[in-house]
Amino acid sequence: MTAMFTDNGPGGRSAYLLDPIEIQALNVLPMPVLVIGESHAVLYANTAAEDFFQSSAALLKRQRIDDFVAFGSPVLGVIEEVQRRGASVSEYRLDLGTPRLGTDHIVDVFASPLPSQGDAVVLMLQERTIAEKMDRQLTHRGAARSITALGAMLAHEIKNPLSGIRGAAQLLEGSIPDSDRMLTQLICDETDRIVKLVERVELFGDERPSERDAVNVHDVLDHVKRLAHSGFARHIRFTETYDPSLPPVAGNRDQLVQVLLNLVKNAAEAIGEDAIDGEITLTTAYRPGIRLQVPGSSERIALPLEIGVRDNGPGVPADLVQHLFDPFVTTKAQGSGLGLALVAKVIGDHGGIVECESVPRRTHFRILLPLHQLRSGQAT
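An unreviewed UniProt entry lists the chain under the name histidine kinase, with Bosea robiniae as the source organism. Recorded in UniProt for the chain, the comment headed Catalytic activity (unreviewed entry) runs: "ATP + protein L-histidine = ADP + protein N-phospho-L-histidine."

Quick look at the structure:
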């Protein structure tokens, strides 16, 4: 039995036949695959292509590829070259970025003619951004750990002198005129602020293994939403898009609460207190096929569990997106730049990665985590 795709091109109706085994093989690939026919009509799209283009296969097959890539995209030239030469063509680092897909979609393109099917072309896309973001996560993880020694040094060399400065200011307060007491109070306030900053940096020095168990991420997200609604995000609308069949994640519940609370708080602050249409979307999904190489070994860890926090704020400046998880990088006037660095460290300690995509009115933080493993080594 074969499957037939039809294409109403300018030359009339053409028929393309695909063997069911070919269809099955294409559909299980973790990379987006399209079959393109005459007039660039989409004849087939696998499951990964549905995720990549954020459309169902049925909807994609009612369109041409020109409808969802940028005008004049080099991908169109690759397709035409394969149809003209009847041979495979590969292109690397092509930009598929559009407002619909987001502006950060760099892909490697592998295109081949479909044997015995006229001018049909099999188009496979490998998203470079995923691999590059994983590489950046390893850099972020290293950057977070690189200030471990700094945290210990600050604790020892700065906190003790600050206690002496604060004590001296309190002693002076009783022997100076009332008009000057605001200066001693300023000294106390500023030393307290520095101590809090040092204590946050100290968190990076905590290398003790934390207790981990099977954690229901939906329970964590519901708890975070309740905390946010009762405080800093009471003026913001929350929506949820959850995969109800998501298995447990291997993690520390308290740490995951702190990470997600940090991301939700950042989203609320980005939206602002005066926004009348502020919205934060919490998402979960199962994404098979994503694996991370463990540094220093050949082991590869599957990261199929995705947690997302998306807001409709103004977005992150383009020049800061690549460095958001580095220590002391912040978009806030009064921020310390340690919140997202700590997020990267905690998620890295959980064996996962965190990434950010941002355009105006759509900033999306995604956390990818491993499954909870039973003692026998099987995933729950």
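A. Highlighting the overall build of the chain. A count of helical and extended segments in the chain gives 12 helices and 16 strands. Among the 380 residues that make up the chain, the fraction classed as buried is 43%. The long-range fraction of contacts in the chain, counting pairs at least 24 apart against all pairs at least 6 apart in sequence, stands at 60%. Taken as a whole, the chain presents about 19,700 Å² of accessible surface, with 54% of it coming from carbon and sulfur.

B. View of the sheet that holds strand β3 (residues 33-36). Strand order in this open sheet of 5 strands is β4-β3-β7-β6-β5, and the pairing throughout is antiparallel. For this open sheet the edge positions go to β4 (42-45) and β5 (89-95), each flanked by a neighbour on one side alone. Pairwise comparison of adjacent strand axes, ignoring direction, gives a mean angle of 25° for this sheet.

C. Local environment of helix α4 (residues 74-85). Between its first and last C-alpha atoms α4 spans 16 Å; for 12 residues at 1.5 Å apiece the expected length is 16 Å, and the two agree. Listed in full, the buried residues belonging to α4 are V75, L76, V78, I79 and V82. Angularly, the buried residues of α4 cover 160° about the axis, an arc narrow enough to put them on a single face. The elements touched by buried residues of α4 are β3, β5, β6 (106-113) and β7 (121-127).

D. Expanded view of the pattern of salt bridges. Applying the stated criterion to the full structure yields 10 salt bridges. The residue D192 makes a salt bridge to R166 at a minimum N-O spacing of 2.7 Å. Here D192, found in helix α8 (residues 181-202), pairs with R166, found in helix α7 (residues 159-173); they are 26 residues apart in sequence, far enough to count as distant. Residues K265 and E269 are paired through a salt bridge, measuring 2.5 Å at the closest nitrogen-oxygen approach. Remark: E269 and K265 occur in helix α10 (residues 253-271); sequence separation between them is 4 residues, near one turn of the helix. Taking the relative accessible area as the measure of exposure, K265 reaches 35% and is therefore partly exposed. The partly exposed category is assigned to E269, whose relative accessible area is 38%. Shared partners join several salt bridges into a network, and the residues in it are E306, E355 and R366.

E. Quick look at the sheet that holds strand β14 (residues 305-311). Pairing in this open sheet of 5 strands is mixed, and the strands run β9-β11-β14-β16-β15 from one edge to the other. At either margin of the open sheet sits one strand with a lone partner, and together these are β9 (237-241) and β15 (353-359). Each strand of the sheet is rotated relative to its neighbour by a mean of 15°, with strand direction disregarded. Sheet topology note: the β9/strand β11 (residues 279-286) ladder contains 5 bridges and is parallel.

F. Quick look at the side chain of Q63. The topology assignment puts Q63 in the loop between α3 (57-60) and α4. Relative accessible area serves as the criterion here: at 18%, Q63 is assigned to the buried category. Within the structure, the side chain of Q63 is placed 3.2 Å from the backbone oxygen of L59, a separation counted as a polar contact.

G. Main features of the nonpolar core. Among the nonpolar cores identified, the biggest contains 42 residues, and L260, L263, V264, I280, V309, F325 and I367 are the most heavily contacted of them. Among the secondary structure elements, those contributing two or more residues to this core are α9 (217-229), α10, β11, β14, α12 (339-349), β15 and β16 (362-369). In terms of residue count, α10 provides more of this core than any other element does, 10 residues in total. The residues contacting V264, other than those within four sequence positions of it, are V224, A228, F232, F238, I280, L282 and V309. Grouped together as the second largest cluster of nonpolar side chains are 26 residues, A45, A57, F68 and V121 included.

H. Geometry of α9. With 13 residues, α9 should reach 18 Å at 1.5 Å per residue; the first-to-last C-alpha distance of 18 Å fits that figure. Among the structural elements, β8 (213-215), β9, β10 (249-251), α10, β11 and β14 are those in contact with the buried residues of α9. Looking at where α9 begins, the residue whose side-chain oxygen comes 2.9 Å from the main-chain nitrogen of H218 is N216.

Rules and cut-offs
Residues numbered from 1 in each chain as written. Predicted model: local features only at pLDDT ≥ 70, side-chain atom pairs only at ≥ 80, totals over all residues. Heavy atoms only, no water. UniProt positions renumbered as here; feature names shortened; annotations may be inferred. Helix = DSSP H or I, 4+ residues; strand = E, 2+ residues; numbered from the N terminus. Buried < 20%, exposed > 50% of the residue type's maximum accessible area, 1.4 Å probe, protein only. Contact = heavy atoms within 4.5 Å. Areas by Shrake-Rupley, 256 points an atom, 1.4 Å probe, with all protein chains shown as cover. Pairing = 2+ DSSP bridges. Axes fitted to C-alpha atoms, helices over the stretch in contact; angles between N-to-C directions. Expected span 1.5 Å × (residues − 1). Arc of directions from axis to C-beta. Salt bridge = Lys/Arg side-chain N within 4 Å of Asp/Glu carboxyl O. Polar contact = N/O pair within 3.5 Å; in protein donor to acceptor, adjacent residues only side chain to side chain. Core = buried A, V, L, I, M, F, W, Y, C linked by side-chain atoms within 4.5 Å.

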